[in-house]
Each structure stands twice: as C-alpha cells, then as structure tokens.
Amino acid sequence: MVGSVKTLPSFLRAGALALALAGLASCQTDDLKPSSGEVAAAGTAATTVTDSGLYNQTLGSGPMRIAYLGIRRADQQSRQADSEYRDGAALAVNTLGTEVVKLTMLETLDKPEAIEAAAKTLARQQVSLIITTARGAEFDAIQRGLGGLKVPMISFQTNDVPLPPDVYAFVSSPADSLIESASFAMAEGATHAMILASSPAEKLEAERIARQIKAFNGKVEPIVELTGGALPPKALTSWNKADMVVLMPGVKSPGEVLKKADAAKPPRPGRRIVASSVLTPQDLNEPKLTGSIVCRYDQNVQARIGSRYMASYGMPASAQAGYGFDAMAMAIGLARRYGDTAFAAERIMSPDGFSGSLGVFRLEGERKVRRNCDIFKVAKGSYVFFQKAPPTL
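The following paragraphs examine the structure supplied in this document. (Residues numbered from 1 in each chain as written. Predicted model: local features only at pLDDT ≥ 70, side-chain atom pairs only at ≥ 80, totals over all residues. Heavy atoms only, no water.)

## Let's talk about the overall build of the protein
Phase 1 of the analysis: Tallying secondary structure elements over the protein gives 13 helices and 18 strands in all.
Phase 2 of the analysis: In the protein, the proportion of contacts linking residues at least 24 apart, taken out of those at least 6 apart, comes to 73%.
Phase 3 of the analysis: When the accessible surface of the protein is summed, it comes to about 16,000 Å², and 52% of that surface belongs to carbon and sulfur atoms. (Helix = DSSP H or I, 4+ residues; strand = E, 2+ residues; numbered from the N terminus. Contact = heavy atoms within 4.5 Å. Areas by Shrake-Rupley, 256 points an atom, 1.4 Å probe, with all protein chains shown as cover.)

## Observations regarding the packing of aromatic side chains
Phase 1 of the analysis: Within this structure, the stated rule accounts for 9 aromatic pairs.
Phase 2 of the analysis: Here the aromatic rings of Phe170 and Phe361 are separated by 5.2 Å at their centres, their planes lie at 80 degrees, and the arrangement is edge-to-face. Linking Phe170 in strand β7 (residues 167-171) with Phe361 in strand β15 (residues 359-364), this pair joins segments that are 191 residues apart in sequence.
Phase 3 of the analysis: Among the aromatic residues, those joined into a cluster by ring pairs are Tyr68, Tyr85, Phe156, Phe170, Tyr323, Phe354 and Phe361.
Phase 4 of the analysis: In this arrangement the basic side chain of Arg296 is found over the ring face of Phe376, its NZ or CZ atom lying 5.3 Å from the centre. (Phe/Tyr/Trp six-rings, centres within 6.5 Å; stacked < 30°, edge-to-face > 60°. Lys NZ or Arg CZ within 6 Å of the ring centre and 35° of its normal.)

## Observations concerning the packing of helix α3 (residues 76-96) against helix α11 (residues 301-313)
Phase 1 of the analysis: Contact geometry of α3 with α11 gives a least axis separation of 11 Å together with a crossing angle of 105 degrees. Between α3 and α11, the angle falls in the class roughly perpendicular. On α11, the residues touching Glu84, Asp87, Gly88, Ala90, Leu91 and Thr95 of α3 are Ile305, Arg308, Tyr309, Ser312 and Tyr313. (Axes fitted to C-alpha atoms, helices over the stretch in contact; angles between N-to-C directions. Parallel < 35°, antiparallel > 145°, perpendicular 65-115°, else oblique.)

## Here's the deal with the environment of Arg296
Phase 1 of the analysis: Structurally, the position occupied by Arg296 is in strand β13 (residues 293-296).
Phase 2 of the analysis: Under the relative-accessibility criterion, Arg296 is labelled partly exposed at 22%.
Phase 3 of the analysis: Linking Arg296 and Cys373, residues 77 residues apart in sequence, is a C-alpha distance of 5.5 Å.
Phase 4 of the analysis: Residues in contact with Arg296, not counting those within four places in the same chain, are Ser277, Cys373, Asp374, Phe376 and Tyr383. (Buried < 20%, exposed > 50% of the residue type's maximum accessible area, 1.4 Å probe, protein only.)

## Concerning the layout of surface pockets
Phase 1 of the analysis: Volume-wise, the largest pocket comes out at about 310 Å³.
Phase 2 of the analysis: Contributing to the lining of the largest pocket are 17 residues, with Val171, Ser172, Tyr297, Ala319 and Tyr323 lying nearest its centre.
Phase 3 of the analysis: Elements with a contribution of two residues or more to the lining of the largest pocket: β6 (153-158), α6 (174-187), β13 and α12 (319-338).
Phase 4 of the analysis: When its residues are assigned to classes, the lining of the largest pocket shows 8 nonpolar, 7 polar and 2 charged. (1 Å grid on protein atoms, 1.4 Å probe; cavity = no way out; pocket = protein on both sides within 12 Å on 5 of 7 lines; lining within 4 Å. Points joined across faces, edges and corners; volume = space filled by probe spheres on them. Nonpolar A, V, L, I, M, F, W, Y, C, P; charged D, E, K, R; others polar.)

## Describing the pattern of salt bridges
Once the charged atoms of two side chains with opposite charge are near each other, the side chains can pair.
Phase 1 of the analysis: In the structure shown here, the tally under the stated rule is 17 salt bridges.
Phase 2 of the analysis: For Glu188, the salt bridge goes to Lys377, with nearest N and O atoms at 3.1 Å. On the criterion of sequence distance, the pair formed by Glu188 in the loop between α6 and β8 (192-197) and Lys377 in strand β17 (residues 374-379) is long-range, its members being 189 residues apart.
Phase 3 of the analysis: Note on Glu188: relative accessible area 28%, which makes it partly exposed.
Phase 4 of the analysis: Among the charged side chains, a salt-bridge network with shared partners connects Asp176, Glu205 and Arg208. (Salt bridge = Lys/Arg side-chain N within 4 Å of Asp/Glu carboxyl O.)

Next comes the structure, spelled out in structure tokens:
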C-alpha cells in the first residue's frame, strides 16, 4: 500500500521509503448497474456493453466504496490515457486491497447529461471517493448528478488547471519538475535564482516556482519574460548574480538564449542550469545546456509495478498507469487506516505524504500535488541518470 513519509524538502533531507505490494487477487461483479433511466441518459454499458463498448466493472469486495469515472472522448490519445489510468487503478486494487475497497469502474460519454447520469449512479451507491478523468465543466455535471452528496475527487489534471472545491490535482507537469530540480540545485550549493519565462501566462506559473525557492531560503530575481528570444536589458544587469538559471518549459532554443546573455554579461562561476524534460534533441546537444539538472517522474515505475502490470495487461507500465495506481493505492491505504473518515481533507492532505510507483507525493495547499523525482543531467545529447529520487519531500 502507499506508505506515509515525513514532510521534508526534496534532496535537502532524506529518510526511508517503502512500497509494499500484496498478492494478486480480484473479484469482478456487475452489481452496481445504473437504473434503466440512467442507462438511457448516460449511454453507459452495464447492460449494453456489447453495443456501446463503455466499461462498467467492479473490483474488490471491501466495505469502502470508491469509483473510477472515465470520460470517453473522441481522440485516441485521451482514450489511451484513460485506459492506462484505469488499468493502474485496477492493479492497485488487485494487488493491495480487494478486502478493503469495492471499486466501481464506470465509463460514460463526454456529454453533460451522460456524465450527470453516471454520477447519479455513483451517488446511489454512496461512493466515498471518485477518481476521474473529468475536466473543466464536466465537474459541474458530476456535482449535479451527486445531488448534494459531498464526495472528494482525485483528478488526473495538473496543478496549473483551476479545479472546483473538493477536487484534487494529481498529475505532475514539467513546471512542477522544475521545483524539484531547483531544490536539487540548492542542495548542490545554489542560493540565487533567475527564472526565464516565454510569456505572461508562463510568468504566473514561474511565480509558483519562485515561491518554493524562497521557501527553501533561496533568493530569486524578478521573473524574466524573454523578448525576441533574449533577455531584456534590465534583466542583464543582474545576470551575473544568479548561480541558478531556471528555464521554463515554454522557452524555445534555450541554448541560444544562454549564449546571447553570457556574451552580453559573463555568468557567475559555477552557475547551474535547471531545465525540464521537454528539451528537444537539438537542445540536448547544445553545449550551453550540458550539465543541466532535470527532474523526471516516470523513471522508476517499471521497477515498482512493471512486472505485475506486464503480467496483467501485456504491456509496459506508463506514467499514466503509475498515476492510476498511486491514486488508488493512496485511497486503499487511507481506507485501511482510517475507515469511514479516510477521505476527510486532513487525511488526503496529510503532511506525512505517501509513497507510490512514481515516488513520494503529497497533496497540499489548494489541493495541489507535490511529487519527488529522479535527477538526470544533460550530457552527450541525452538525459543521463544522476541521482535516485529521495524518499521524502
């Protein structure tokens, strides 16, 4: 199950991490079917699976009812991601908690009336937690279907997406990885950061990174918005003060940006570059980016659940499978420990955090996720493994 860990800054302090996997066992039933009216509205497939292809399955036989609500979308990429999230969640039930939870996996069409009807089905079953691929206004449809029933939701959305109350972001973005990379750079001795952004919108996300660096007792220059792929003159005045430059994911040709700035004003000796995992092959071969610190979340999922996932589904475990597994494993761990009060906000946002297939994570603040990661450095045109993720945040 997902274990708990103490609250500490990543890479600045460390402790022990444990991920325990139980034996494989499952119980599949179809006892959570929508009413006939709800089937008509939602197009869900408890009784018409052959016609519609929408899944409706139940795993486990425990006392705690949890739902996985998938939204069927037209594009293949979204449908594949949903399949992998769902399979990861199912694997967690089968290996960790068939006696703890009863998981309803219900799929519906991406239409408001269909989503509302599916949520009515879940409300009728008094589910205590919903894990979902819903997004945007689809949460309003879910709330209408729940009819006033207060159910927290784990969403496969990132921290930069606005979410309604009681909905928790669970997916880490490239910008999130920069926080952990900056933490590592500070562990190596960096104390003074400059963050480069590509647009006003990205500057807002950069402010979140700046707050975290300051929370680690670092100094941060005002966020720099690039103009024409170069630093504005005002920013150049403090260029040689920074011993850490953070490149936001939207910055194009970052090597050229660094070249121009360094030519205008030589950098501080020992400066560290913090980048994200969206660097292009050309970026990876850029000498100015050699040694850049990059945090990657998906590197240990194979070691942690890969063999069981392969045995169950015949394919390697993806990051999406890891997110599905971790969301469900967290739910099982909370249900096992706290029973009926498992999904109160103070439980879900426990400062102790949780450990899972994608590393240690914690839900905090305004229902945002923070997750640690393995550290890579850019060298010879690729990301080269440098240090395993710490066991604490």
